[in-house]
Amino acid sequence: MTSNQQLFDAARAVIPGGVDSPVRAFGSVGGAPAFIDHALAGTVTDAEGHELVDLVGSWGPALLGHTDPDVVDAVVAAARKGLSFGAPTEAETRLAEAVRRRVPVAERLRFVSTGTEATMTAIRLSRGATGRDLVIKFAGCYHGHSDGLLSAAGSGVATGGLPGSAGVPAAIAGQTIVLPYNDVAALEECFAARGSEIAAVITEPAPANMGIVPPAPGFNAAIRRVTAEYGALMIADEVLSGFRVGPAGMWGLEALDGWVDAGATGPLATPAFGEGAVTPTWPRTGLAEGTGWRERAAWIPDLVTFGKVIGGGMPLAALGGRADVMELLAPVGPVYQAGTLSGNPLATAAGIVTLEKADDAVYAAVARRAQQVGDLVSEALTAEGVAHRVQRSGSLFSVMLGEGAAEHGVRDYEEAKAQDVFRFGPFFHAFLEAGVALPPSIFEAWFLSAAHTDEQIERIAAAAPKAAKAAAAATPQA
Ligand SMILES: *Cc1c(COP(=O)(O)O)cnc(C)c1O
């Protein structure tokens with residue numbers, strides 16, 4: 001048998017770092033990554049034959065669990081009819097309709113292959129629509145790897161401890177203004193100074209790429225208010241959260257079900273957000289015009305981006321939004337965007353079945369599993385005296401380590417970076433040795449699926465005390 005280490009060595013001889021996306025390389029936790037042979041439901045099995053309880057879920061897409069038989073069948077059936085045509089198919093329309101039923105904000109959609117393309121196009125479209133160049137993003141939010149969006153980005157950029165990326169021209173980086181997350185005053189000041197030059201504010205409605213950092217009450221609504229006041233667009237990047245935390249994503253969770261007081265400030269706690277979050281319920285799987293969603297919504301973004309779950313594990317992503325803005329895209333309007341494999345029939349088939357199956361029961365199951373795992377890990381850390389806080393946004397959570405996190409929570413990127421990051425590597429490896437694969441970075445969300453079983457939750461519970469001990473014993477690297 002070839003070991004993970006041998007596979008990693010061979011990979012590094014032909015692929016930079018041995019991986020096609022940096023966080024996979026285990027850089028921040030050390031060691032050779034598990035090379036995956038196959039996956040089933042809540043588990044992945046590596047090249048050495050270890051079956052691991054998987055809390056990565058392909059970074060989100062595996063909502064139903066891996067290799068869901070209906071999704072696989074749909075992909076196989078689509079493959080038999082042709083892998084790619086470079087011409088429209090009816091399936092794209094059906095998927096767009098399914099998305100719009102859940103997130104009616106997306107009056108029109110355009111399918112692309114990656115979340116990076118979706119956000120990149122949303123930015124171009126905002127500039128085309130407003131005739132302005134500047135874009136605001138928040139530190140610690142990740143929106144893919146396009147030039148203008150890498151400044152103070154979360155995810156792998158945070159994991160690698162990088163300020164941004166080499167190779168981004170200063171002139172392009174200069175078009176992005178980075179503001180601290182959850183800071184309404186900074187946003188208002190920025191618009192007061194340069195409002196007439198700002199095309200858009202892009203945000204993760206509940207950031208999940210610096211760990212889970214819930215929006216302060218009213219923060220998303222404040223972004224909406226300020227952008228509207230100055231004629232800029234609001235882009236809700238739901239590439240990670242869309243269709244994962246509920247049928248209408250984080251927007252549905254917060255704007256429709258959460259607090260509605262745009263001016264409120266206060267602790268990070270509502271029924272669906274923060275440390276004391278309870279399992280939400282899902283009263284609705286479809287929202288049509290006339291159901292009053294527009295009146296009920298605390299905030300409505302102009303554009304929204306999707307990825308991850310929308311393709312059920314296949315390369316698929318989308319941007320959607322107001323019809324008048326979306327219709328500025330070519331071939332109707334002057335904003336160009338294209339893609340040889342966009343709306344690929346295999347990916348579209350996987351997306352349709354995934355959304356069909358992602359009903360209220362699925363969301364309730366994922367939320368319950370997330371609640372269980374967060375709670376049991378928290379108990380184990382408490383037993384070992386490790387200062388921590390489990391932060392949640394819907395069924396997404398991450399475990400924040402350190403006194404600051406325990407005391408006041410992690411509210412922005414500065415606080416995320418100030419955690420006891422050194423405790424995470426030993427914690428991660430203790431779990432891995434016990435057959436549980438966490439995301440290999442403290443700055444990533446933990447992903448449960450509807451296919452995780454009681455037995456798998458018990459394996460996590462059995463592993464947690466040792467992992468907590470390892471975290472407690474960790475010392476800062478010199
Ligand atoms: C993953 C992610 C992206 C990038 O999507 P890719 O498919 O990896 O290009 C963009 N935005 C958010 C919020 C993400 O989590």
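Rules behind the numbers
Residues numbered from 1 in each chain as written. Predicted model: local features only at pLDDT ≥ 70, side-chain atom pairs only at ≥ 80, totals over all residues. Heavy atoms only, no water. Near = heavy atom within 4 Å. Polar contact = N/O pair within 3.5 Å; in protein donor to acceptor, adjacent residues only side chain to side chain. Areas by Shrake-Rupley, 256 points an atom, 1.4 Å probe, with all protein chains shown as cover. Nonpolar A, V, L, I, M, F, W, Y, C, P; charged D, E, K, R; others polar. Pairing = 2+ DSSP bridges. Helix = DSSP H or I, 4+ residues; strand = E, 2+ residues; numbered from the N terminus. Axes fitted to C-alpha atoms, helices over the stretch in contact; angles between N-to-C directions. Parallel < 35°, antiparallel > 145°, perpendicular 65-115°, else oblique. Left-handed = near helix turned anticlockwise from the far one by under 90°. Contact = heavy atoms within 4.5 Å.

**Some thoughts on the site of the ligand**
By nearness alone, every residue bordering the ligand is listed as Thr114, Gly115, Thr116, Tyr142, His143, Gly144, Glu204, Asn209, Asp237, Val239, Leu240 and Lys308. Interatomic distance of 2.7 Å between a side-chain N/O atom of Thr116 and an oxygen atom of the ligand. In the environment of the ligand, a nitrogen atom lies 3.2 Å from a nitrogen or oxygen atom belonging to the backbone of Tyr142. In the complex, 83% of the free accessible area of the ligand, which totals 380 Å², lies under the protein chains. Class assignment for the residues of the shell around the ligand results in 3 nonpolar, 6 polar and 3 charged.

**Examining the sheet that holds strand 1 (residues 36-40)**
Here 4 strands make up an open sheet; going across it, the order is 1-2-3-15 and the pairing mixed. Each edge of the open sheet is held by one strand with a lone partner, namely strand 1 and strand 15 (436-437). Bridging between strand 1 and strand 2 (residues 43-46) involves 4 bridges; their strand directions are antiparallel. Of the residues in strand 2, the one forming a bridge with Ala39 is Val44.

**Digging into the packing of helix 13 (residues 360-383) against helix 17 (residues 454-473)**
One way to put it is that helix 13 packs onto helix 17 with a least axis distance of 8 Å and a crossing angle of 30 degrees. In terms of axis orientation, helix 13 runs roughly parallel to helix 17. Between helix 13 and helix 17 the crossing geometry is right-handed. Contacts from Arg369, Gln372, Val373, Leu376, Ala380 and Leu381 of helix 13 reach helix 17 at Asp454, Ile457, Ile460, Ala461, Ala464, Pro465, Ala468 and Ala471.

**Considerations on the sheet that holds strand 8 (residues 233-238)**
An order of 4-12-11-8-7-5-6 is seen for the 7 strands of this open sheet, with the pairing classed as mixed. If you trace the sheet from one side to the other, it starts and ends with strand 4 (108-112) and strand 6 (176-179), each paired once. Neighbour-to-neighbour, the strand axes of the sheet open up by a mean angle of 20 degrees, direction not taken into account. The pairing of strand 5 (residues 134-138) with strand 6 spans 4 bridges and is parallel. Bridging across to strand 6, Ile136 finds its partner in Ile177. Helix-sheet contacts for helix 8 (residues 219-230) involve strand 5, strand 7 (198-203) and strand 8, and the interaxial angle to strand 8 is about 150 degrees.

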